[in-house]
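# Topology and contacts: notes
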Amino acid sequence: MKSLDAFARKKLKPLMEKGLKRDIHVTERRQSGEVIREERALISFCCNDYLNFSHHPKVMEAAKNAIDRYGAGSGASRLITGNHPLIRELEQKLARLKGTEEACVFSSGYLANIGIIPTIIGSRDIIFIDELSHACLRAGSSLSFAQTVAFRHNDMAHLQEIIHQHRKYHQNALIVTDGIFSMDGDLAPLDKLSILARDNNCWLMSDDAHGLGVIGQGKGSRYMFDPLPEIPLQMGTLSKAIGSFGGYLCASKPVIELIKTRARSLIYTTALPPASVAAAITALDIIKQDQDYCTRPLKNAQTFAHLLGLPTPVSPIVPIIIGGAERTMRFAEILETEGFLVTGIRPPTVADDTARLRFTFSANHQKDHIHALAAVLKKHGII
Ligand SMILES: *Cc1c(COP(=O)(O)O)cnc(C)c1O
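Everything numeric in this text was worked out from a predicted model, so none of it was measured. (Residues numbered from 1 in each chain as written. Predicted model: local features only at pLDDT ≥ 70, side-chain atom pairs only at ≥ 80, totals over all residues. Heavy atoms only, no water.)

If you check the shell around the ligand, you find 14 residues, and the closest are D207, H210, T237, S239 and K240. Residue Y110 places a main-chain N or O atom 2.9 Å away from an oxygen atom belonging to the ligand. In the model, an oxygen atom of the ligand is placed 2.6 Å from a nitrogen or oxygen of the S239 side chain. Within the complex, 87% of the 380 Å² of free accessible area of the ligand lies under protein. (Near = heavy atom within 4 Å. Polar contact = N/O pair within 3.5 Å; in protein donor to acceptor, adjacent residues only side chain to side chain. Areas by Shrake-Rupley, 256 points an atom, 1.4 Å probe, with all protein chains shown as cover.)

Structural data, given as structure tokens:
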């Protein structure tokens, strides 16, 4: 298909010129954040496996045992082959951890968000979304066909203003936010959001992909607040600190029953493989038992920020905004030659002119690696 190839080349050309073409390099992940790329060992500071659970011996053993007992795949959608006992166990554990009546596990966080939002919000409704919310919350909002209005990042006065302007014209309304913002590492004001939601008859949904396991005694961003804010839709992923794969929604029983009946990305996709579910269950058990271990990623991020005089982080994500995409990628290359894997983050993942190096810290990062990384950043004038 010559015309198709020509189309693809034409689309890629301006992206290449702006340093926005993406390549996925073969990279082998090893224990404790070590990776192998082009036969070189690097220390990774860009992985979301905050607690190193993807290589935790107990988590790996649980996954292997699940394969031996239940096989490698799940056969079909849960609505066809039935609920796997491991999925039921995982849902009960998640609901208990988040303090909700029920939970529903999806096959990824992305699938969760594109399933949840259109199930509860329709074309006559409205969505208020933080402008820095994750791409899959945007995708879920689009699929709902509801009017979607973005508010300035964490700006409650702006949210109040747009609610005042639009709320009255719509039947139902949903406020959507990340708990911890994936590319900035900061925390949403969930206390204020929950009050605004209550006072304006809106529902509140938080995406805690980067909070679970690493803040709020391992329970996530909601648990950073006292009193606990009311968040009727608590979504998250099992593929970051949990070290496995999958997504979830914790909510009341009627909401979960509706999701299981209606969410298309649950109904029309194959259930998680048993090994991923077993791994997630074991990871959640470790989080519950070892709160001290859960604090390590954040402590490592704070050590790093302190060394460079950056503001104290509230999550294991520390961005250094560079600006231009090409400059960012050049810095990432320099870090790679120095033995560190830190991926440059470019538009459209982040806004134009805010390309950045995004550093993530995990439990097993060693003090000397953190010090060495900070020294390299200073040596090359990156900061
Ligand atoms: C990673 C991420 C997701 C998607 O989760 P997956 O399980 O990787 O599909 C959703 N929301 C946020 C905020 C994320 O960072």
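What follows picks up the thread again.
Counted according to the given criterion, the structure contains zero disulfides. Sulfur of C47: no disulfide; nearest cysteine sulfur belongs to C46 and is 6.8 Å away. Judged by relative accessible area, C47 falls into the partly exposed class, the value being 25%. For C250, which is in no disulfide, the shortest distance to another cysteine sulfur is to C104 and amounts to 9.7 Å. On the basis of relative accessible area, C250 is assigned to the buried category, the value being 0%. (Disulfide = S-S within 2.5 Å. Buried < 20%, exposed > 50% of the residue type's maximum accessible area, 1.4 Å probe, protein only.)

Taken in spatial order, the four strands make up an open sheet running β1-β2-β3-β12, and their pairing is mixed. Edge positions in the sheet fall to β1 (27-29) and β12 (340-341), since each of these pairs with one other strand and no more. Note: strand β3 (residues 40-44) against β12, two bridges, orientation parallel. Within β12, the residue paired with S44 across the bridge is L341. (Pairing = 2+ DSSP bridges. Helix = DSSP H or I, 4+ residues; strand = E, 2+ residues; numbered from the N terminus.)

All right, on to helix α11 (residues 274-289) then. Relative to the 22 Å expected for 16 residues at 1.5 Å per residue, α11 spans 23 Å between its end C-alpha atoms, a close match to the ideal helical length. Within α11, 13 of the 16 residues are buried, leaving the element largely enclosed by the surrounding structure. (Expected span 1.5 Å × (residues − 1).)

Sheet analysis places β1 next to strand β2 (residues 34-37), joined by three bridges and oriented antiparallel. Opposite E28, over in β2, you have I36 as the bridge partner. Linking two consecutive strands that pair antiparallel, namely β1 and β2, is a turn of four residues; a positive phi of about 55° is found at S32 within it. Relative to β3, β2 runs antiparallel, the two sharing four bridges. Of the residues in β3, the one forming a bridge with R37 is R40. The loop that links β2 with its antiparallel partner β3 comprises two residues; one of these, E38, has a positive phi angle of about 45°.

With that settled, consider the packing of helix α7 (residues 156-166) against helix α8 (residues 190-199). At their nearest, the axes of α7 and α8 sit 11 Å apart, and the two run at 15° to each other. The orientation of α7 relative to α8 falls into the category roughly parallel. Here α7 runs over α8; the crossing is right-handed. Contacts from M156, L159 and Q160 in α7 reach K192, L193 and L196 in α8. The residue inventory of the contact of α7 with α8, partitioned by class, reads four nonpolar, one polar and one charged. (Axes fitted to C-alpha atoms, helices over the stretch in contact; angles between N-to-C directions. Parallel < 35°, antiparallel > 145°, perpendicular 65-115°, else oblique. Left-handed = near helix turned anticlockwise from the far one by under 90°. Contact = heavy atoms within 4.5 Å. Nonpolar A, V, L, I, M, F, W, Y, C, P; charged D, E, K, R; others polar.)

Between side chains of opposite charge, a pair can form when the charged atoms approach closely. Counted under the stated rule, the structure contains 17 salt bridges. As a salt-bridge pair, D184 and R356 come within 3.1 Å of each other at their nearest N and O atoms. Taken together, the residues span a long stretch of sequence, with D184 in the loop between β7 (173-178) and α8 and R356 in strand β14 (residues 355-360) at a distance of 172 residues. Exposure remark for R356: the relative accessible area of 4% places this residue in the buried category. Here the salt bridges do not stand alone but share partners, grouping R78, R88, E91, E102 and K260 into one network. (Salt bridge = Lys/Arg side-chain N within 4 Å of Asp/Glu carboxyl O.)

For the rest of this paragraph, the subject is the sheet that holds strand β11 (residues 317-323). Pairing is antiparallel in the open sheet, where three strands are placed in the order β11-β14-β13. Every other strand in the sheet has two partners, leaving β11 and β13 (344-345) as the edge strands with one partner each. The pairing of β13 with β14 spans two bridges and is antiparallel. Paired with G344 across the two strands is L357, which belongs to β14.

This part is about the environment of C294. Of note, C294 is situated in helix α12 (residues 291-294). When the C-alpha atoms of C294 and K219 are compared, they prove to be 9.7 Å apart, with 75 residues separating the residues in sequence. With residues near it in sequence (within four places) discarded, C294 still touches L51, G213, V214, G218 and I287.

Time to look at the domain arrangement of the protein chain. When the domains of the protein chain are assigned, the result is domain 1 (18-47 + 295-379) and domain 2 (57-288). Computed from C-alpha coordinates alone, the two centres of domain 1 and domain 2 are separated by 26 Å. Taken together, the contact between domain 1 and domain 2 spans twelve residues of the former and eleven residues of the latter. Buried area between domain 1 and domain 2, both sides added, is near 930 Å², and the carbon and sulfur share of it is 65%. Among the residues of domain 1 in contact with domain 2, V314, I317 and R358 are the three that bury the most area, contributing 43% of the side total. Where domain 1 touches domain 2, the interface holds four residue pairs in polar contact (both at pLDDT 80 or more). Across the side of domain 1 that touches domain 2, the residue classes break down as eight nonpolar, two polar and two charged. (Domains from an automatic or database assignment. Buried area = accessible area lost by both parts, 1.4 Å probe.)

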